[in-house]
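Breakdown of the fold
Each chain, written out:
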Amino acid sequence: MKILVTGAKGFIGKNLIAGLKNRKYVEIFEYDLDTDPALLDTYCAQADFVFHLAGVNRPKDTSEYMAGNFGFTSELLDKLVKHSNKCPVMLSSSTQAALDNPYGQSKKAGEDLLFEYGRKNGVAVYVYRFPNVFGKWCRPNYNSAVATFCHNIARGLPITISDRNNRLNLVYIDDVVEELVRALNGKPSMTEDGFCYVPVVHSATLGEIVDLLYSFKASREQLGVPNMADEFTKKLYATYLSYLPTDQFSYALKTNVDNRGSFTEIIRTADRGQFSVNIAKPGVTKGNHWHNTKNEKFLVVSGKGVIRFRRIDSDEVVEYYVSGEKLEVVDIPTGYTHNIQNIGDTDLVTFMWASEPFDPNNPDTYYLEV
């Protein structure tokens, strides 16, 4: 298919084009403000589908709303008519089209124009009234509160909240792209009154969004990760990370070092346990303790070692030889005292997971030689 995307360099446009390319669509006509206007005629003659995402939402003068959101739509449709091109047309509108303000009026005028074009020419038209769209590549300090909050909080800059209780309906950019691809394939999500929509909508107050974003920033120091079981949190965290300054992708960890080696905690969660890296010098044995409820998983990624187990009411010792040359996870069952010894000539590097973060007030760790 030959696909025309207007507003190709905008937030939705960039994500849509990337999504189309990932799905192996290769003939994409990208049209934006800096494109040679003459190409619009060429594109309209050849397109098999039009994603009309271009529009004006922050003009210097309110008169630009109608020119950008109605006038350019009219020009686009006139060129399709000129070439007798009856390909489907998708229009990016806004929930504000239902409101009586200059921006909403211009969006409503564009909608009406497209619906009339579809009826008159027998063309499939898909009008999407998007609520707040969030995700990577959205321009901060422009028209998206989420983008502005992400950008500023990631940089330690102040933010302004008009009303913490103000509730927003939001759609995530990847869900938008999924829906637009469905429209491309002739299967849009459509209401009885003819408007199309993104099926997955999230609802959150400004206060809830800001609190989550600040928790993401703090998670580096606390070694936490957000609740990825919550879809909105997962999507907002992905969005936040995309706004990190390029010199702040990494962050330091606290490493506990002694003559035996080192221990570095990587991630600490309340419900998914603790992740860490343990390094033992050649000949060193670590451990010699057991747990009642806490359980662990060991994965040696470099070096050679042996993990020994003994049930605390038995004299039998069980040994597992481990090596970075053969990656395998060893479960550390409860009720078994255990240790790990470096039997190689290089550092023994072990990735460790514990079912709960270490709590010095309730360690559930009891010293006992294997």
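The structure this text deals with has already been given above.
Treat the numbers as computed from the prediction; the structure is a model and nothing was measured.

1. Some points on the nonpolar core
- Ranked by internal contacts, the top residues of the largest apolar core, which has 51 residues, are F51 and I209.
- Residue contacts for I209: discarding those within four places in its chain leaves V146, F149, L168, L170, A204, F232 and L236.
- Among the nonpolar cores identified, the runner-up in size contains 23 residues, and L77, C87, F115 and Y117 belong to it.

2. Looking at the sheet that holds strand β8 (residues 195–196)
- Here 6 strands make up an open sheet; going across it, the order is β2-β1-β3-β4-β5-β8 and the pairing parallel. The open sheet has two edge strands, β2 (27–31) and β8, and neither has a second partner.
- Relative to strand β4 (residues 89–94), strand β3 (residues 49–52) runs parallel, the two sharing 3 bridges. What sits directly across from H52, in β4, is L91.
- Across the face of the sheet, helix α2 (residues 38–46) comes into contact with β1 (2–6) and β2 while running at roughly 145° to β2.

3. Quick word on the layout of surface pockets
- A volume near 700 Å³ is recorded for the second largest pocket.
- Sorting the residues of the lining of the second largest pocket by element identifies β10 (255–258), β11 (261–269), β12 (273–280), β13 (285–290), β14 (296–302), β18 (336–342) and β19 (348–354) as the ones contributing at least two each.
- For the lining of the second largest pocket, the element with the highest residue contribution is β11, accounting for 5 residues.
- Partitioning the lining of the second largest pocket into residue classes produces 9 nonpolar, 12 polar and 9 charged.

4. Quick word on the packing of helix α5 (residues 145–154) against helix α7 (residues 206–222)
- For the pair α5 and α7, interaxial distance at closest approach is 10 Å and the crossing angle is 30°. It follows from the interaxial angle that α5 and α7 lie roughly parallel. For the crossing formed where α5 meets α7, the hand is right-handed. Seen from α5, the contacting residues are A145, V146, F149, C150, I153 and A154; seen from α7, they are L206, I209, V210, L213, Y214 and K217.
- Here the contact of α5 with α7 is composed, by residue class, of 11 nonpolar, no polar and 1 charged.

Cut-off values and rules
Residues numbered from 1 in each chain as written. Predicted model: local features only at pLDDT ≥ 70, side-chain atom pairs only at ≥ 80, totals over all residues. Heavy atoms only, no water. Core = buried A, V, L, I, M, F, W, Y, C linked by side-chain atoms within 4.5 Å. Buried < 20%, exposed > 50% of the residue type's maximum accessible area, 1.4 Å probe, protein only. Contact = heavy atoms within 4.5 Å. Pairing = 2+ DSSP bridges. Helix = DSSP H or I, 4+ residues; strand = E, 2+ residues; numbered from the N terminus. Axes fitted to C-alpha atoms, helices over the stretch in contact; angles between N-to-C directions. 1 Å grid on protein atoms, 1.4 Å probe; cavity = no way out; pocket = protein on both sides within 12 Å on 5 of 7 lines; lining within 4 Å. Points joined across faces, edges and corners; volume = space filled by probe spheres on them. Nonpolar A, V, L, I, M, F, W, Y, C, P; charged D, E, K, R; others polar. Parallel < 35°, antiparallel > 145°, perpendicular 65-115°, else oblique. Left-handed = near helix turned anticlockwise from the far one by under 90°.

Fair warning: the whole summary comes from geometry, so function is off the table for now.
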